[in-house]
Amino acid sequence: AWLPPEAFRALGSRRVLVHGDGMLVDTVLDEVARACARYGGRMWHSPSWDVDVDLVLALRGTDELPSATVQAARAAGEAALAQAGDNAVLGAEGFVLARAGDVTAVLADAPAGLLYGLFHLVRLGAAAFDTTRPAEQHRPALRRRMLNHWDNVAVHPVMGQVERGYAGGSIFWRNGRPRGDLARIREYARLLAACGINAISVNNVNVGRTEARLLTDRLGDVAEIADVLRPYGIRVHLSVTFAAPVVLGGLPNADPVDEAVRAWWAVTTRQVYERIPDFGGYVVKADSEGQPGPFTYGRDHADGANLLADALAPHGGVVHWRAFVYNHHQDWRDRSTDRARAAYDHFVPLDGRFRDNVVLQVKFGPVDFQVREPVSPVLAAMPATRLAVEVQVTQEYTGQQRHVCHLGPWWSEVLRFAPWGPGGRTVADVAAGEAGEGGGLVAVANVGDDLFWTGHPLAQANLYTVGRLAWDPQLDPRAVLDEWIALTFPQSAMADPELVGRTLHEIMDDSWRTYERYTAPLGVGFMVHPGDHYGPDVDGYEYTRWGTYHFADRDGVGVDRSRASGTGFAGQYPPYWAQVYESPERCPDELLLFFHHVPYGHVLHDGSTVIQHIYDTHFAGVEEVAVMRGRWRTLKGLIDPAVYERVEQRLDEQARSATEWRDQTNTYFFRKSGVPDAHGRRIY
Ligand code: GCW
């Protein structure tokens, strides 16, 4: 992945001094020592003698450093910080990079900062040692940068080892037991630390009977994982079932106001911390898609979340309570119920009632990780609640790691979106919180026991990117992709690095929009095959209980979510966007069918009609995949043959599947509308 030995060449060929102590400093030492052993450099740890070095990684506030050059480098770092005035505190994870003469210095206040500084050096490669490089400071914008693994411990009869997993089995679990490959987990931790992830939940939010026991008699399995992740600054969290007091504790109920229930959670949680002192906390999917929750006892989500928060608070833990709550037994005949409204309707009235250590985890869109959705209005409506934004790295609805679909540009768009109107606070600001107290970014993981980690080798870039955007949501996704390419396909190991880099950009940069073009049009969503969610089935969900309808008929398509004549969902936004979305004329084209039911002849902003847009984008999307495939073939012989072949096979499948999408979608809308393609192309 993005830490091949080559990535450490620039660092490993230098004289490096590491100054400071602590578990994460030991990790830095270990990384530097390995790099130096491979590339001929040399490392010292806090020596008492005078040495000349090229690089110093030091904790601030430690004793004076030995040699004059090292002191100068440190002074340069301090000067850079002083210039920044009251920002001079780097915090638990920040670092400064500065140069003095021939020496590069990385300074941090805490060991984690040193580790992130080290991986920053790895990213920069030789450029880190450029004498003209100005000093830079880095601190994460979001405090918690988390992955949720939807990994099952026991194989689920329908979902398998990993729910919505497209990269083989779990790296943690196999057939009901820990997989036991701690070396692999350690490598995973390195990769995650190198892109900035600092928290992981290790089991599915749908918690089965076996998985429930991770909280109690199987806690040792979790502790073992925590021990491996800890040296890389990653905390372990656990998905728990709200019914745990019944399922595990033998109590008659799990009612949040019942004293016995409260005591059970308090004792159980204390035992977790006795075993895992830095345990992060719980992740909970309650009263959602059949999972148990407080509704059973006539309580609300604040009662439920606060129950767990109170148990965690004495130990410094948090509960991530998911806002993905909706009626999954809807009747398609009932036009008054709108799934898009559900999270807002359930949670916004509870704003202000959640404890400080509750993080409400909100899917970025109001429905479900579609290739295009508006940003969830919940993110703008709960000022007194800590909110986390949830995105899906595992490509459930975006090609399942068989299609190239680079999601960086999409997440960047979401994080930069200003829910109160242009120029206002952004989604990233909400996740960061006013005083850094926000809930952060949570991403559903895409890794498995696959040789390439993610099934599709290019899907690794999505994981890398989500970590980097959580660290700094302002990063340009193209630049992040550059980083990933440079690390994963190192120049010195490539015959033609320029061609490889350019080709990967050409294939990946716009691949999310390509995927959007050949699948569900104009934000309407859900035209996937029910159950596995792969491939087209335009009416697959149209008459089901899931609340995901497009309402196509002979005259038009789309969901009327206006206040004037529809479900009123558009009114859940602050005024600026409520007005924009309310109007079919002002609504951005890419979301038109999310908000409006319009005739096929409705004219879009680009002058095309809805029906012609559907035809055009579907033809274009398939052509773009053909171009991608051609481009990939130019890399034959230039990159690792195993990677080459895996991607080539997946591109074949992408081309087949995109064609299927094109033909089914175009044929469907041609049959409904009777409107021929203006360009006379073949529609079946
Ligand atoms: O997208 C849907 C998935 C479910 C998932 C659910 C959720 C874990 O189809 O598999 O369950 O979302 O986010 O809880």
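Since this is a predicted model, take the numbers as computed values, not measurements. (Residues numbered from 1 in each chain as written. Predicted model: local features only at pLDDT ≥ 70, side-chain atom pairs only at ≥ 80, totals over all residues. Heavy atoms only, no water.)

1. Describing the overall build of the chain
A count of helices and strands for the chain gives 21 helices and 20 strands. The C-alpha atoms of the chain give a radius of gyration of 26 Å, which matches the 26 Å a tight globule of 684 residues would have. Its C-alpha atoms give the chain principal-axis dimensions of about 85 × 65 × 50 Å. Expressed as a percentage of its 684 residues, the buried residues of the chain come to 62%. A separation threshold of at least 6 residues defines the contact pool for the chain, and within that pool the share at least 24 residues apart is 71%. Roughly 24,500 Å² of accessible area belongs to the chain as shown, and the carbon and sulfur atoms make up 50% of that amount. (Helix = DSSP H or I, 4+ residues; strand = E, 2+ residues; numbered from the N terminus. Rg over C-alpha atoms; globule rule 2.2 N^0.38 Å. Buried < 20%, exposed > 50% of the residue type's maximum accessible area, 1.4 Å probe, protein only. Contact = heavy atoms within 4.5 Å. Areas by Shrake-Rupley, 256 points an atom, 1.4 Å probe, with all protein chains shown as cover.)

2. Looking at the domain arrangement of the chain
Here the chain is described as being made up of domain 1 (5-138), domain 2 (145-488) and domain 3 (515-559 + 597-673). Computed from C-alpha coordinates alone, the two centres of domain 1 and domain 3 are separated by 48 Å. (Domains from an automatic or database assignment.)

3. Thoughts on the sheet that holds strand 18 (residues 440-444)
If you trace the eight strands once around the closed barrel, you get 7-12-13-14-15-16-17-18, paired in parallel fashion. Ignoring which end each strand starts from, the neighbouring axes of this sheet average 25° apart. Pairing between strand 7 (residues 145-148) and strand 12 (residues 199-201): three bridges, direction parallel. Looking at strand 12, one finds that Leu 147 is bridged to Ile 200. Contacting strand 14 (281-284), strand 15 (318-322) and strand 16 (358-363), helix 10 (residues 301-312) crosses the sheet at an angle of about 160° to strand 15. (Pairing = 2+ DSSP bridges. Axes fitted to C-alpha atoms, helices over the stretch in contact; angles between N-to-C directions.)

4. Quick notes on the packing of helix 20 (residues 610-633) against helix 21 (residues 641-673)
Viewed as axis vectors pointing N to C, helix 20 and helix 21 meet at an angle of 165°, and their least axial separation amounts to 9 Å. Here helix 20 lies roughly antiparallel to helix 21, going by the angle between them. The interaxial crossing formed by helix 20 with helix 21 has left-handed handedness. Its residues assigned to classes, the contact of helix 20 with helix 21 comprises 17 nonpolar, six polar and five charged. (Parallel < 35°, antiparallel > 145°, perpendicular 65-115°, else oblique. Left-handed = near helix turned anticlockwise from the far one by under 90°. Nonpolar A, V, L, I, M, F, W, Y, C, P; charged D, E, K, R; others polar.)

5. So, the nonpolar core
One finds Leu 57, Tyr 188, Trp 265, Tyr 282 and Trp 321 to be the most contacted residues of the largest nonpolar core, which totals 209 residues. In contact with Tyr 188, other than residues within four places in its own chain, are Leu 147, His 149, Ile 171, Phe 172, Ile 200, Ala 445, Val 447, Trp 453 and Leu 463. Core analysis: the second largest hydrophobic core is formed by 18 residues, Val 56, Leu 81, Val 96 and Leu 107 among them. (Core = buried A, V, L, I, M, F, W, Y, C linked by side-chain atoms within 4.5 Å.)

6. Quick word on the environment of Arg 681
Relative to the elements of secondary structure, Arg 681 occurs in the segment after helix 21. Residue Arg 681 is classed as partly exposed on the basis of its relative accessible area, which comes to 27%. For the pair Arg 681 and Tyr 615, spaced 66 residues apart in the sequence, the C-alpha separation amounts to 9.0 Å. Apart from the residues within four sequence positions on either side, Arg 681 is in contact with Gln 612, Tyr 615, Asp 616 and Phe 619. For Arg 681, the side chain forms a polar contact with the side chain of Asp 616, separated by 2.5 Å. (Polar contact = N/O pair within 3.5 Å; in protein donor to acceptor, adjacent residues only side chain to side chain.)

7. Let's talk about the site of the ligand
Around the ligand sit 15 residues, and of these Glu 163, Lys 285, Arg 322, Lys 363 and Glu 396 come closest. For the ligand, an oxygen atom lies 2.7 Å from a polar atom in the side chain of Lys 285. In the environment of the ligand, an oxygen atom lies 2.5 Å from a nitrogen or oxygen atom belonging to the side chain of Glu 396. Relative to its unbound accessible surface of 340 Å², the ligand loses 97% to contact with the protein. For the shell around the ligand, the class distribution of residues is four nonpolar, three polar and eight charged. (Near = heavy atom within 4 Å.)

8. Some thoughts on helix 17 (residues 511-518)
Most of helix 17 sits out of view: six of its eight residues are buried. If you check which residues of helix 17 are buried, you get Ser 511, Trp 512, Thr 514, Tyr 515, Glu 516 and Tyr 518. Check the buried side of helix 17 and you find it contacts helix 12 (408-416), helix 16 (497-508), helix 20 and helix 21.

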